[in-house]
Amino acid sequence: MPKVSDAHIEARHQQILEAARACFARQGFHQTSIQDICREAELSPGAVYKYFPSKEHIIAASCLDCQQAGMEMIESARSQGGTALQALDFLVEHGFGMLDQEESREFMMMSVQLWSEALRSSEVKDALLSGSYDTWVQGLAGLFEQAQKEGDVDPGLDATSFARIMFGLWHGLLLHKSLDPDIDVNACAKLMQVLYHGIFRTPAETP
């Protein structure tokens, strides 16, 4: 029997994940069965179970896909050259701008479903935290710390807290955008940039 190539395995892996994401976005996690995913992917249950032993494993794998995409975007921002704030500008413009793209609608719907599922399943929660939150929080905090070293940001501010706030604002906008497609994402991105280009440059004052 000929050996299955790594490229074939990866292609089939992605085929199943894309089918699952479409089902999750359309029906939600609880309403989606393995049979639904098989029909969407046009594969037999045996073919799907060969790669993923359960629906939870598919959800976790989707989180890892998000982690890879996040790492690539952060690395792309760093490779642009310039200051750390310019790298943050790149991430804000691309990350917020993504929410304005029609092809991101499915991703937004699945994200909302994923957060809900993470409250029920510890496996999904752990995958979400390690595969998305930790990647972005660490990446953003690293850029913020670099900006502090470059003298562009108040060194008294906590870099990790900044990262969580920045990521939280993006998540909040994702939720609002999924409910109201008319939200002006570009205006929100500009206000985010005002924070770290302006307010965060000044010494922090405790209320």
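In this numbering scheme, every chain counts its residues from 1 along its sequence in written order. Owing to the predicted nature of the model, reporting of local features is limited to residues with pLDDT of at least 70; listing and counting of side-chain atom pairs is limited to 80 or more, with chain, interface and lining totals taken over all residues. Only heavy atoms go into the side-chain values, all of them from the structure, while hydrogens and water stay out.

It is worth spelling out the packing of helix 6 (residues 105-118) against helix 8 (residues 159-179) at this point. Interhelical geometry of helix 6 versus helix 8 gives an angle of 115° and a closest axis separation of 10 Å. Taken together, the axes of helix 6 and helix 8 lie roughly perpendicular to each other. Here helix 6 and helix 8 pass one another in a crossing that is left-handed. Listed contacts from helix 8 to Arg105, Phe107, Met108, Met109, Ser111, Val112 and Trp115 of helix 6 are Trp170, His171, Leu174, Leu175, Lys177 and Ser178. Three categories are distinguished: nonpolar for Ala, Val, Leu, Ile, Met, Phe, Trp, Tyr, Cys and Pro, charged for Asp, Glu, Lys and Arg, and polar for the others, with Gly belonging to the last. Taken together, the residues of the contact of helix 6 with helix 8 sort by class into eight nonpolar, three polar and two charged. For helices, the fitted line uses only the C-alpha atoms of the stretch in contact; every axis is such a line through C-alpha atoms, and the angle between N-to-C directions lies from 0 to 180 degrees. A run of DSSP states H or I qualifies as a helix once it reaches four residues; a run of E qualifies as a strand once it reaches two. Both are numbered from the N-terminal end. Oblique is the label for any angle not covered by the other classes, which are roughly parallel (under 35 degrees), roughly antiparallel (over 145) and roughly perpendicular (65 to 115). When the near helix sits turned anticlockwise from the far one by under a right angle, the crossing is termed left-handed; a clockwise turn instead gives a right-handed crossing. By definition in these notes, contact holds between two residues if any of their heavy atoms fall within 4.5 Å.

All right, on to the pattern of salt bridges then. The term salt bridge refers to a pairing of a side-chain nitrogen on Lys or Arg with a carboxyl oxygen on Asp or Glu at a separation within 4 Å. Enumeration according to the criterion identifies six salt bridges in this entry. Notably, a salt bridge pairs arginine 120 with glutamate 56, separated by 3.7 Å at the nearest N-O pair. In this pair, arginine 120 sits in the loop between helix 6 and helix 7 (122-149) while glutamate 56 sits in helix 4 (residues 55-78), placing the two residues 64 residues apart along the sequence. For each residue, the accessible area found with a 1.4 Å probe, counting protein chains only, is set against the maximum for its type, and the residue is called buried under 20%, exposed over 50%, and partly exposed in between. On the basis of relative accessibility, which here comes to 48%, the residue arginine 120 falls in the partly exposed class. One continuous salt-bridge network, built from bridges that share partners, spans Glu56, Glu117 and Arg120.

In this section: the packing of aromatic side chains. Pairs were defined over the aromatic rings of Phe, Tyr and Trp, the Trp ring being its six-membered one, requiring ring centres within 6.5 Å. Orientation was assigned from the angle between planes: stacked under 30 degrees, edge-to-face over 60, tilted for the rest. Scanning the entire structure with this criterion turns up eight aromatic pairs. Between phenylalanine 107 and tryptophan 170, the aromatic rings sit 6.5 Å apart at their centres with planes inclined by 45°, giving tilted as the arrangement. Here phenylalanine 107, found in helix 6, pairs with tryptophan 170, found in helix 8; they are 63 residues apart in sequence, far enough to count as distant. You can call phenylalanine 107 partly exposed: its relative accessible area is 27%. What makes tryptophan 170 buried here is its relative accessible area of 13%. Taking 5.4 Å as the distance between ring centres and 75° as the angle between the ring planes, the aromatic pair formed by tyrosine 133 and phenylalanine 167 counts as edge-to-face.

Next up on the list: the state of the cysteines. Pairs of cysteine sulfur atoms within 2.5 Å are what we label disulfides. Counted under the stated rule, the structure contains zero disulfides. Considering cysteine sulfurs only, cysteine 38 is the nearest to cysteine 23, which forms no disulfide, with 9.4 Å between them. Look at cysteine 23 and you get buried, because its relative accessible area is 1%.

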